[in-house]
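For reference, the chains in residue letters:
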Amino acid sequence: MTRYHTYDAVIVGAGGAGLSAALAAGKNVKTAVVSKLYPTRSHTGTAQGGMCAALANVEDDSWEWHAFDTVKGSDFLADQDAVDIMCKEAVTAVLELERMGLPFNRTPEGRIDQRRFGGHTRDHGEAPVKRACYAADRTGHMILQTLYQQCNKEGVEFFNEFFVLDLLMVEGTCAGIIAYELATGELHVFRSRSVLFATGGYGKMFKITSNAHTLTGDGPGVVYRKGLPLEDMEFFQFHPTGLYRLGILLSEAARGEGGILRNKDGERFMENYAPTIKDLAPRDMVSRAMFSEIKAGRGAGEDNDYLLLDLTEVDPEVVEKKLPDITEFARTYLDVEPLEEGVPVVPTAHYAMGGIPTTVDAEVLRDHRAETVPGFYAAGECACVSVHGANRLGTNSLLDIVVFGRRGGLAMTEYASTHPLPDVPEDAHEHAEKWLASLMEGDNPEPVADIRETLQQEMMDKASVVRNEDSLTQARDSIGKLAERYAGTRVRDRSKVFNTELTEHIEFGYLLDMAEALVVSALARTESRGGHYRDDHEMREDEHWLKHTFITKGDGGDPSLAYKDVTLGRYTPVERKY
Amino acid sequence: MQVTLRVQRFNPEHDTDPHFESYTIDADAMDRILDCLHQVKWYRDSSLALRRSCAHGICGSDAMVINGVNALACKVLVKDVKQPITVEPIRGLPLTKDLVVDMDPFFSGYLAVKPWLIADDAEPEPERERIQSAAERERFDDTTKCILCAACTTSCPIFWSDQEYVGPAAIVGAHRFIFDSRDAGGRERIEILSGKNGAFKCRTAFNCTAACPRGIEVTKAIQEVKQAALFGSF
Ligand SMILES: Cc1cc2nc3c(=O)[nH]c(=O)nc-3n(C[C@H](O)[C@H](O)[C@H](O)COP(=O)(O)OP(=O)(O)OC[C@H]3O[C@@H](n4cnc5c(N)ncnc54)[C@H](O)[C@@H]3O)c2cc1C
Ligand code: FES
């Protein structure tokens, strides 16, 4: 049986971006949040280090400095109009979260405390600055909890454990979504004047990642299959400090508080790569430095394949009070005592800079000429505004999700108040129904898990921190073969109740799409910029490449590329040195 | 090494009662129980139903009973548990399928205590942040850690026999606000928690404190809420 619902605003995803949008829209129009996870399970909850805003509570600061750092950190690919909005609104965003009850750590004067974070500096690169507002090392947890609490206070409606399968489009206008209810196996049609996607990242395409099992790019996947473009997919951030083998994140705050990266000889190698800010250089640089150290045989351990995060010189009280969770991760998962020894770390796939292209009001772009899709919005990690360009600075994502989630919610309110409810054809759900039925028909030749593992290894080996034409071509070819194998697989479990084999199966399909988009975009970009580093094109080339990639799946299924100019502003591209 | 798991299975579409199935798999001593369950699901029986997301003890999806003890499957390592490893769903909430229970009653209990900041309407909106001293912030630090995994509530013998009881997690949620210097809703919440399904149902069994994967002193928080209700001191 199919069920029908009608709303003014439907928000897909209940992480920080989705809940910020829901709060903004929910106060004004009939709003529903549809999420495959209970809201508090969203990956925003794992964010540790902080959210930047130039409050200047601890040291002199200004939003322009924050904007400069963001643009420089992005390797000049960020759109500077969007960056200005984000850094200006950061201050109100943090203060508003405080008013909602977020328990930020405090200064001795009782103000919101701030700490250092990679790439954030005073006066255009002069020295590191204390800009990150934080709640111990569970800032994301507190943001997620606070927003969830406020949504409940405001009476926002939630559809939890509803898996969104498709976007309804009527004559080029967004008309709603189709979702699958995990508890019952029923399909739900949500008609809506406006829809916002806030489905998070897709780090699960890599073997070593800080991302949750559920971060599979469902939102961008749906968009890509609809023939709409994705932007800057080649830029994927590797965070320097993931727990060895596991990828679980140890926040940059560890280095912000004085932690140091060392190689097997105990050498503080970042001094050689970024003499001014050393261990607090942006993530892409530190990750590459770590790769070089390992490649040069200076990695630690039996196989010389990791480096050490040294916290032994940090005041033990600071470690226990300000970094309690991450020290516990090292103890629990690696059996390592961070107060006494270095913690084995490797770069871990962390953050998708690319995603669904949007305006600064979260409106989704139809193409690289900046036409929009009426009624359709996206925000958060699944979107690309673009404020992070080729490399995101730490603490700027929590900021992005709150600022642009809210802007999206406000834009939806405005749109829904002035536009009629689009008609949805009676058979709107049939396509999804047939799709699910076909997945559950016939025998399954091999476990999807095997195909997934191969993809994750391939992406790690050939499309991660260092890439080149050969490795990317090989990755593209294997993705093609894996997609063929995947097309032959079927869901064995035919149950209607909590069939997570079905949802995992669908999720993997989206991951394959994300991997394809990443690799094809990366192959075309014959330069190095931010998180995209090619050892066959080591230089940044602004004449050719100061532009955003737009990738679209054509009718025949083959991807095609187009480009959109970067919006420049006060800062002209210069070499990025720290 | 070889690891044997005994997993409780139940599919409401054809089973009347739950039963156990055993699976022997290859695992590493440092693997999480969640990794073992994935081995089963991905390579042995794809129909096994469980919830999980972050895989490192933060999202609160995978509270289960592991060898008789409530824990997160992603936070217990093979090396730390005896074999065969028995895995059951948490108790006291309606069973949906295999290791999945209906969490809606749990979340309703949590929301019943109004777990959101209730500002004092009489106070003018501050232009900047409200001032809160580090000590005032510290007062409720412990209870801000809650990830709503339900490990505490579903380890509570009172909750097993009476699901009208709001349970430890909800009281922890209330504590987090009652002792926040910025909150003015203490009285409302205390009223709710002084009722027949509130904090005074707690018989200080301490199961909840032992079960909390975040190390929150749950029983202590409940005691503090009871004290606040009795003496109005918060
Ligand atoms: C370990 C870690 C630490 C981090 N630390 C920081 C930090 O200190 N500072 C910082 O700024 N950033 C940090 N980040 C990055 C930041 O946390 C994320 O980028 C951000 O939280 C993403 O938020 P989101 O709302 O876009 O998505 P998420 O929080 O991931 O939420 C995605 C939502 O979409 C829903 N969803 C997905 N697919 C579907 C579907 N098919 N149907 C229905 N619902 C669906 C999910 O249920 C979920 O609710 C960190 C990231 C990680 C992984
Ligand atoms: S999977 Fe998130 S807590 Fe275990």
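Residues numbered from 1 in each chain as written. Chains lettered and ligands numbered in written order. Predicted model: local features only at pLDDT ≥ 70, side-chain atom pairs only at ≥ 80, totals over all residues. Heavy atoms only, no water.

Draft legend 1. Broad picture of the overall build of chain B. Within chain B, the secondary structure is distributed over eight helices and seven strands. Taking all contacts inside chain B whose residues are at least 6 apart in sequence as the whole, residues at least 24 apart take part in 62%. For chain B, the exposed surface amounts to about 9500 Å²; the carbon and sulfur share of it is 51%. (Helix = DSSP H or I, 4+ residues; strand = E, 2+ residues; numbered from the N terminus. Contact = heavy atoms within 4.5 Å. Areas by Shrake-Rupley, 256 points an atom, 1.4 Å probe, with all protein chains shown as cover.)

Draft legend 2. Local environment of the interface of chain A and chain B. Listed as interface residues are 62 residues of chain A and, on the opposing side, 66 residues of chain B. The junction of chain A with chain B conceals about 5400 Å² of combined surface from both sides, 49% of it contributed by carbon and sulfur atoms. Together, R41, R99 and Y333 of chain A form the three largest contributors to the area buried by chain A at its contact with chain B, with a combined 14%. Where chain A meets chain B, there are 11 salt bridges. When the shortest N-O distance is used, the salt bridge between D335 of chain A and K79 of chain B registers 3.6 Å. Along the contact surface separating chain A from chain B lie 43 residue pairs in polar contact (both at pLDDT 80 or more). Tallying contributions element by element places helix α4 (residues 139-153) of chain A first for the side of chain A that touches chain B, with eight residues. (Buried area = accessible area lost by both parts, 1.4 Å probe. Salt bridge = Lys/Arg side-chain N within 4 Å of Asp/Glu carboxyl O. Polar contact = N/O pair within 3.5 Å; in protein donor to acceptor, adjacent residues only side chain to side chain.)

Draft legend 3. The packing of aromatic side chains, seen in detail. Residue and element names in this part refer to chain A. Applying the stated criterion to the full structure yields 21 aromatic pairs over all chains. Ring centres of F269 and Y273 lie 6.3 Å apart, and the angle between their planes is 90 degrees; on these two criteria the pair is classed as edge-to-face. For F269, a relative accessible area of 0% corresponds to the buried category. Owing to a relative accessible area of 33%, Y273 belongs among the partly exposed residues under this scheme. Ring geometry for Y377 and Y415: centres 6.4 Å apart, planes at 70 degrees, overall edge-to-face. Of the two residues, Y377 sits in strand β17 (residues 372-378) while Y415 sits in helix α11 (residues 396-418), which places them 38 residues apart along the sequence. The pair Y377 / Y415 is uniform in exposure class, with both members buried. (Phe/Tyr/Trp six-rings, centres within 6.5 Å; stacked < 30°, edge-to-face > 60°. Buried < 20%, exposed > 50% of the residue type's maximum accessible area, 1.4 Å probe, protein only.)

Draft legend 4. Summary view of unusual backbone geometry. Omega for the bond connecting V385 of chain A with S386 of chain A falls within 30 degrees of zero, at 10 degrees, which places this linkage in the cis form. In this structure, S386 of chain A sits in the loop between β18 (383-384) and α11. For the peptide bond that leads from Q83 of chain B to P84 of chain B, omega is -10 degrees, which places it in the cis range. Secondary-structure assignment places P84 of chain B in the loop between β4 (69-72) and β5 (85-88). One non-glycine residue, N67 of chain B, adopts positive backbone phi at about 50 degrees. Mapped onto the secondary structure, N67 of chain B falls in the loop between β3 (63-66) and β4.

Draft legend 5. Highlighting the domain arrangement of chain B. Residue and element names in this part refer to chain B. One can read the domain layout of chain B as domain 1 (2-101) and domain 2 (104-231). With 13 residues of domain 1 at the contact, the number on the domain 2 side is 15 residues. In total, about 1100 Å² of surface goes out of reach between domain 1 and domain 2, with carbon and sulfur atoms giving 63% of it. Applying the counting rule to domain 1 against domain 2 returns zero salt bridges. The tally of links between domain 1 and domain 2 comes to four residue pairs in polar contact (both at pLDDT 80 or more). A class-by-class count of the residues in the side of domain 1 that touches domain 2 yields seven nonpolar, four polar and two charged. (Domains from an automatic or database assignment. Nonpolar A, V, L, I, M, F, W, Y, C, P; charged D, E, K, R; others polar.)

Draft legend 6. Structural context of the environment of A432 of chain A. Residues and elements named next belong to chain A. Along the chain, the position of A432 falls in helix α12 (residues 430-439). Among the residues examined, A432 registers a relative accessible area of 3% and is labelled buried. Considering only alpha carbons, one finds A432 and L399, 33 residues apart in sequence, at a separation of 35 Å. The residues contacting A432, other than those within four sequence positions of it, are L165, I178 and L187.

Draft legend 7. Spatial organisation of the environment of F550 of chain A. Residues and elements named next belong to chain A. Mapped onto the elements of the fold, F550 is located in strand β19 (residues 547-553). In this structure, the C-alpha to C-alpha distance between F550 and E575, residues 25 residues apart in sequence, is 25 Å. Among all residues touching F550, those that are not within four sequence positions of it are P229, L230, E231, P357, L365, D367, H368, S560, L561, A562 and K564.

Draft legend 8. Representation of the site of ligand 1 within the structure. Residue and element names in this part refer to chain A. Around ligand 1 sit 39 residues in total, of which S42, T44, E381, S397 and L398 are the nearest. At 2.8 Å from an oxygen atom of ligand 1 is found a main-chain nitrogen or oxygen belonging to G49. Residue D218 places a side-chain N or O atom 2.8 Å away from a nitrogen atom belonging to ligand 1. In isolation ligand 1 offers 1000 Å² of accessible surface; the protein chains occlude 98% of this area. For the shell around ligand 1, the element with the most residues is α11, which contributes four residues. In terms of residue class, the shell around ligand 1 is made up of 15 nonpolar, 20 polar and four charged. (Near = heavy atom within 4 Å.)

Draft legend 9. Expanded view of the side chain of S61 of chain B. Within the secondary structure, S61 of chain B is located in the loop between α1 (33-44) and β3. Under the relative-accessibility criterion, S61 of chain B is labelled buried at 11%. Filtering out sequence-adjacent residues up to four positions away, S61 of chain B remains in contact with R41 of chain A together with R51, R52 and S53 of chain B.

Draft legend 10. Focus on a nonpolar patch on the surface. Together, F200, L230 and F231 of chain B line one region of the surface with nonpolar side chains, adding up to about 330 Å² of accessible area. Taking the relative accessible area as the measure of exposure, F200 of chain B reaches 33% and is therefore partly exposed. (Patch = residues over 30% accessible without salt bridge, like charges linked within 9 Å, V, L, I, M, F, W, Y side chains within 5 Å.)

Draft legend 11. Region of interest: the pairing of strand β9 (residues 187-197) of chain A. Residues and elements named next belong to chain A. Burial within β9 is extensive, with nine of its 11 residues counted as buried. By the bridge criterion, 10 bridges tie strand β1 (residues 2-12) to β9 in an arrangement that is parallel. The residue bridging I11 from the neighbouring strand is L196, located in β9. Hairpin connection of strand β8 (residues 173-181) to β9: five residues between the antiparallel strands, including G185 at a positive phi of 75 degrees. Direction of pairing for β9 relative to β17: parallel, over a ladder of three bridges. Directly across from F197, in β17, lies its bridge partner A378. (Pairing = 2+ DSSP bridges.)

Draft legend 12. A look at the nonpolar core. Counting residues in hydrophobic clusters, the biggest one holds 253 residues, and the most contacted among them are I177, F197, M205, F376 and M459 of chain A together with I33 and L37 of chain B. Top element by residues in this core is helix α15 (residues 500-524) of chain A. It accounts for 14 residues. With sequence-adjacent residues up to four places away left out, L37 of chain B is seen in contact with L5, V7, L48, L50, M64, A73, V87 and L99 of chain B. Formed by five residues, the second largest nonpolar core is a distinct cluster that contains V497 and F498 of chain A together with A49 and V100 of chain B. (Core = buried A, V, L, I, M, F, W, Y, C linked by side-chain atoms within 4.5 Å.)

Draft legend 13. Examining the sheet that holds β3 of chain B more closely. Residue and element names in this part refer to chain B. With respect to topology, five strands assemble into an open sheet ordered β2-β1-β5-β3-β4, the strand pairing being mixed. With partners counted over all chains shown, the strands left at the sheet margins are β2 (19-26) and β4, one partner each. Each strand axis lies, on average, 35 degrees off the axis of its neighbour in the sheet, ignoring direction. Taken strand by strand, α1 contacts β1 (2-9), β2, β3 and β5, and its axis lies near 95 degrees from that of β2. (Axes fitted to C-alpha atoms, helices over the stretch in contact; angles between N-to-C directions.)

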